[in-house]
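Chain residues, written in single-letter form:
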Amino acid sequence: MQEHPGRYAATTGSRPADADDPLATALDRSLSSFVTVLRDYGLDPADEVHALRMLRSMLHGFATLEVSGGFQLGADVDESFTWMIDFLDQGLRARATGGDGRSVVPDGRAPRP
C-alpha cells in the first residue's frame, strides 16, 4: 500500500458504472472473500452483516491512517496490525460461542455453517 498510496484511495467511494465494469468484479471478489472468512466463524446469520461492516471499517481505518502518516508513535505498524487482527479474531470467536467463551463444537474451533 505504501508503494502505491493512491490506489486504495481511488477505490473508496467509487461505484461501478454497470455490471460489466471491472470495478464491479473486483468489489464482488473482495467482499466475497470477507464473507467467506466471516462465515467460517459460524456467526448467527443475523450478525454477519454487522461483522462484515466491522471488518471493513477496521481495515479501512487502519489503511487510511497508515497512508496518511497517522501512525507516529514508536510501535511497529505491522505489529499493531497483527494485534488488531488477533483482537478481532478473539471477538468473533467469542460472539460465535455466545459470548461465554465456550465453543459450540467439541474441538474448540469456531463452528462452520
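This structure is a prediction, so every number in the text was calculated from the model and none was measured.

Enquirer: Hey, could you run me through the overall build of the protein chain in this one?
Expert: When you go through the protein chain residue by residue, the secondary structure sums to 4 helices and 0 strands. Secondary structure elements of the protein chain occur, N-terminal to C-terminal, as α-α-α-α. A total of 113 residues make up the protein chain; the buried ones form 17% of that total. Once local pairs closer than 6 in sequence are excluded, the contacts in the protein chain between residues at least 24 apart make up 51%.

Enquirer: So what exactly am I meant to see when it comes to the packing of helix H3 (residues 45-67) against helix H4 (residues 77-96) here?
Expert: A pair of packed helices is captured by two measures, namely the crossing angle of their axes and the spacing between those axes. Look at H3 against H4: their axes get within 12 Å of each other, and the N-to-C directions meet at 170°. Relative to H4, H3 is oriented roughly antiparallel. On the side of H3, the interface is formed by Asp47, Ala51, Met54, Leu55, Met58, Leu59, Phe62 and Glu66, while H4 contributes Val77, Ser80, Phe81, Met84, Ile85, Leu88, Leu92 and Arg95. Of the residues assigned to the contact of H3 with H4, the class counts are 12 nonpolar, 1 polar and 3 charged.

Enquirer: Would you take a moment to explain the pattern of salt bridges for this structure?
Expert: Tallied over the full model, the rule gives 3 salt bridges. Between Asp47 and Arg95 there is a salt bridge, with its nearest N and O atoms 3.0 Å apart. Of the two residues, Asp47 is situated in helix H3 and Arg95 in helix H4; the sequence distance between them amounts to 48 residues. The exposure class assigned to Asp47 is buried, which follows from its relative accessible area of 17%. Measuring nitrogen to oxygen at the nearest pair gives 3.0 Å for the salt bridge that ties Asp89 to Arg93. Placement of the pair is Asp89 and Arg93 together in helix H4, with a separation of 4 residues, close to one helical turn. Residue classification places Arg93 among the partly exposed residues on the basis of a relative accessible area of 38%.

Enquirer: What is the right way to read the confidence of the model for the protein chain from this model?
Expert: Detailed reading of predicted coordinates is not advised where the pLDDT is low. Counting all residues, the mean pLDDT for the protein chain is 80, and 75% of those residues have values of 70 or more. No element of the protein chain has a lower mean pLDDT than helix H1 (residues 5-11), which averages 65, and none a higher one than H4, which averages 93. Note on residues 101-113: pLDDT under 50 across the span, and 18 contacts to partners over four residues away in sequence or across chains.

Enquirer: For this particular structure, what's the right way to read the packing of aromatic side chains?
Expert: For any pair of aromatic rings, the description rests on two quantities: the centre-to-centre distance and the angle between the ring planes. Per the counting criterion, the structure on display carries 3 aromatic pairs. Here the aromatic rings of Phe62 and Phe81 are separated by 5.1 Å at their centres, their planes lie at 70°, and the arrangement is edge-to-face. Here Phe62, found in helix H3, pairs with Phe81, found in helix H4; they are 19 residues apart in sequence, far enough to count as distant. What makes Phe62 buried here is its relative accessible area of 10%. With a centroid separation of 5.4 Å and 10° between ring planes, the pair formed by Trp83 and Phe87 is classed as stacked. Of the two residues, Trp83 and Phe87 are both situated in helix H4; the distance of 4 residues between them amounts to about one turn of the helix. As far as the burial class goes, Trp83 and Phe87 line up, both exposed. An aromatic cluster is built from Phe62, Phe71 and Phe81, whose rings are joined through pairwise contacts.

Thresholds, definitions, all that
Residues numbered from 1 in each chain as written. Predicted model: local features only at pLDDT ≥ 70, side-chain atom pairs only at ≥ 80, totals over all residues. Heavy atoms only, no water. Helix = DSSP H or I, 4+ residues; strand = E, 2+ residues; numbered from the N terminus. Buried < 20%, exposed > 50% of the residue type's maximum accessible area, 1.4 Å probe, protein only. Contact = heavy atoms within 4.5 Å. Axes fitted to C-alpha atoms, helices over the stretch in contact; angles between N-to-C directions. Parallel < 35°, antiparallel > 145°, perpendicular 65-115°, else oblique. Nonpolar A, V, L, I, M, F, W, Y, C, P; charged D, E, K, R; others polar. Salt bridge = Lys/Arg side-chain N within 4 Å of Asp/Glu carboxyl O. pLDDT = per-residue confidence, 0-100. Phe/Tyr/Trp six-rings, centres within 6.5 Å; stacked < 30°, edge-to-face > 60°.

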